[in-house]
Amino acid sequence: MVTTSSVAAHVQDQVVEDHAKVGQEAHDDDQQKQLNAGALFVLKSKGSWVHCAYHLTTSIVGPDLLSLPYAFAFLGWTTGIFCLVIGASVTFYSYNLISLVLEHYAQLGHRHFRFRDLAHDILGPKWCWYFVGPIQFLVCYGAVVASILLGGQCMKSIYLLSSPNGSMKLYEFVIIFGCLMLVLAQIPSFHSLRHINLVSMLLGLAYSVCATAACVYIGNSSKGSQKDYSLKSSTATVAAPVKGKMFKGLSVCYAVVTTTSFSVAISGYWAFGNKAEGLILSNFLDDGKPLIPKWLIFMTNVFTMFQLSAVGVVYLQPTNEVLETTFADPTRNELSARNLIPRLISRSLSVMLATAIAAMLPFFGDINSVIGAFGFIPLDFVLPAVLFNLTFKPSKRSPIYWLNITIAVVFSVLGIIGAVAAIRQISLDAKTYKLFANV
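Calculation rules
- Residues numbered from 1 in each chain as written.
- Predicted model: local features only at pLDDT ≥ 70, side-chain atom pairs only at ≥ 80, totals over all residues.
- Heavy atoms only, no water.
- Helix = DSSP H or I, 4+ residues; strand = E, 2+ residues; numbered from the N terminus.
- Buried < 20%, exposed > 50% of the residue type's maximum accessible area, 1.4 Å probe, protein only.
- Areas by Shrake-Rupley, 256 points an atom, 1.4 Å probe, with all protein chains shown as cover.
- Expected span 1.5 Å × (residues − 1).
- Contact = heavy atoms within 4.5 Å.
- Phe/Tyr/Trp six-rings, centres within 6.5 Å; stacked < 30°, edge-to-face > 60°.
- Core = buried A, V, L, I, M, F, W, Y, C linked by side-chain atoms within 4.5 Å.
- Polar contact = N/O pair within 3.5 Å; in protein donor to acceptor, adjacent residues only side chain to side chain.
- Salt bridge = Lys/Arg side-chain N within 4 Å of Asp/Glu carboxyl O.

**What about the overall build of the chain?**
Point 1. When helices and strands are tallied, the chain shows 16 helices and two strands.
Point 2. Across the 439 residues of the chain, 54% fall into the buried class.
Point 3. Roughly 19100 Å² of accessible area belongs to the chain as shown, and the carbon and sulfur atoms make up 67% of that amount.

**Focus: helix H9 (residues 170–184)**
Point 1. Between its first and last C-alpha, H9 extends 21 Å over 15 residues, near the 21 Å set by a 1.5 Å rise per residue.
Point 2. Those residues of H9 that are buried lie in contact with helix H8 (125–162), helix H12 (294–315) and helix H14 (337–360).

**Notes on the packing of aromatic side chains**
Point 1. For the structure on display, the rule yields ten aromatic pairs.
Point 2. For the pair phenylalanine 72 and tyrosine 269, a centre-to-centre distance of 5.8 Å together with 65 degrees between the ring planes defines the contact as edge-to-face.
Point 3. Classification of phenylalanine 72 by relative accessible area gives buried; the value is 2%.
Point 4. Note on tyrosine 401 and tryptophan 402: the rings are 5.1 Å apart at their centroids and 90 degrees apart in plane angle, and the pair reads as edge-to-face.
Point 5. Note on tyrosine 401: relative accessible area 15%, which makes it buried.
Point 6. Of the aromatic side chains, those joined through ring pairs into one cluster are Phe72, Trp77 and Tyr269.

**A look at the nonpolar core**
Point 1. Judged by nonpolar contacts, the single largest core of 77 residues is most densely connected at Phe115, Leu118, Ile148, Phe272, Ile280 and Phe284.
Point 2. Counting residues in hydrophobic clusters, the runner-up holds seven residues, among them Ile377, Ile407, Ala408 and Phe411.

**Concerning the environment of glutamate 172**
Point 1. As for its position among the elements, glutamate 172 is in helix H9.
Point 2. Among the residues examined, glutamate 172 registers a relative accessible area of 28% and is labelled partly exposed.
Point 3. For glutamate 172 and methionine 155, which are 17 residues apart along the polypeptide, the C-alpha to C-alpha distance reads 9.8 Å.
Point 4. Side-chain polar atoms of glutamate 172 contact the backbone nitrogen of lysine 169, separated by 2.6 Å.

**With respect to the pattern of salt bridges**
Two side chains of opposite charge can pair, provided their charged atoms sit close to one another.
Point 1. In this structure the tally under the stated criterion is three salt bridges.
Point 2. Where glutamate 321 meets arginine 116, a salt bridge forms, and the shortest distance between an N and an O atom there is 3.0 Å. Each member of the pair, glutamate 321 as well as arginine 116, carries the same accessibility label: buried.
Point 3. Ionic pairing is found between glutamate 324 and arginine 343, a salt bridge with its closest N-O pair at 3.2 Å. Taken together, the positions of glutamate 324 in helix H13 (residues 317–327) and arginine 343 in helix H14 put the pair 19 residues apart, joining distant regions of the chain. The same class applies to glutamate 324 and to arginine 343, which are both buried.
Point 4. If you follow the salt bridges from partner to partner, you end up with Glu324, Arg343 and Arg347 in one network.

Dropping the structure here:
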């Protein structure tokens, strides 16, 4: 996941700063010059724990948040809240495990700028090149596609508020949002996104407050359909969504994550029951008629749309890193014509491809479930526990050893079940699929 891989540079920077001397800084400068273009230009090792908090929050508080009431429709109150608590607790624990592993290797003189590099050293090259690397790339690029699609849906909702009988189609809005992403994709490095991600964090809080307020408003009124809290299906499965300075960053991040996730999930399911849509914003309109004041729908969609642009750019960074490694020259300045022109062309083509996929396959729920099952579960839940045990080799009698083993096994099983369920759902929905559908 981009959270662990792209933030690795910031974690390592803070670890090294705590122990750095003048001679060590000179050594780091020499090491920096030996990096390939991807690590040197995209994953710059700069920033503070505050910047880390912005990056982490943007990578976590995103499209999945607005799907939580829909997940509750399959799980119910008790199981839904239990899964939300477990998911938040285990991911927080997992990120701390990764930060400890990164710090351990930093103290040994091995600074890892990419998650796949860490997997290479601990698991071996085969696991790096045939499992961790490809999955991370597909997960992150899939999140870019999902962000562009959802951004287009938000733009369409805003358009329909002013022109209920408007003729513009969803794919047209997806293309427009893709153009915005095309511009933002040219921001050179992950560190350059720190101010954008601060705004993103604030926007995530803003649209969560708006969505919660809208759900409470509808839930307390006679508008909307009658609430029904019976489960939609008994066979449904849902993919689960440091020391020192890194711990501070994670604490800020998870304060935002828990506030937004629980408020939207609980208020959305309370207001709409098992009628909650895959995107809760869709419930605010009934046959095209707004159930809440138009200005509130407008604000919610605007906040969501702009925050999604930041989310999309964050998840685009692993792709950018690969492109820079392939086409850029690390011995030349990153803004030189030799590097600027290939960057402009390669990143533009990358965003254009993601936009084309989003426009052709506008089924956010299915995309979201596939991403969760195939990528987020192994990268967020399983690998951190495995990497920690292999690095520190805790005693088999210690609680942390068995806790990590339990997490790895349980979530591996859930990942397999989720993958099977996601593929099955796609096969069931295939008959309703239509390229460039105006959903």
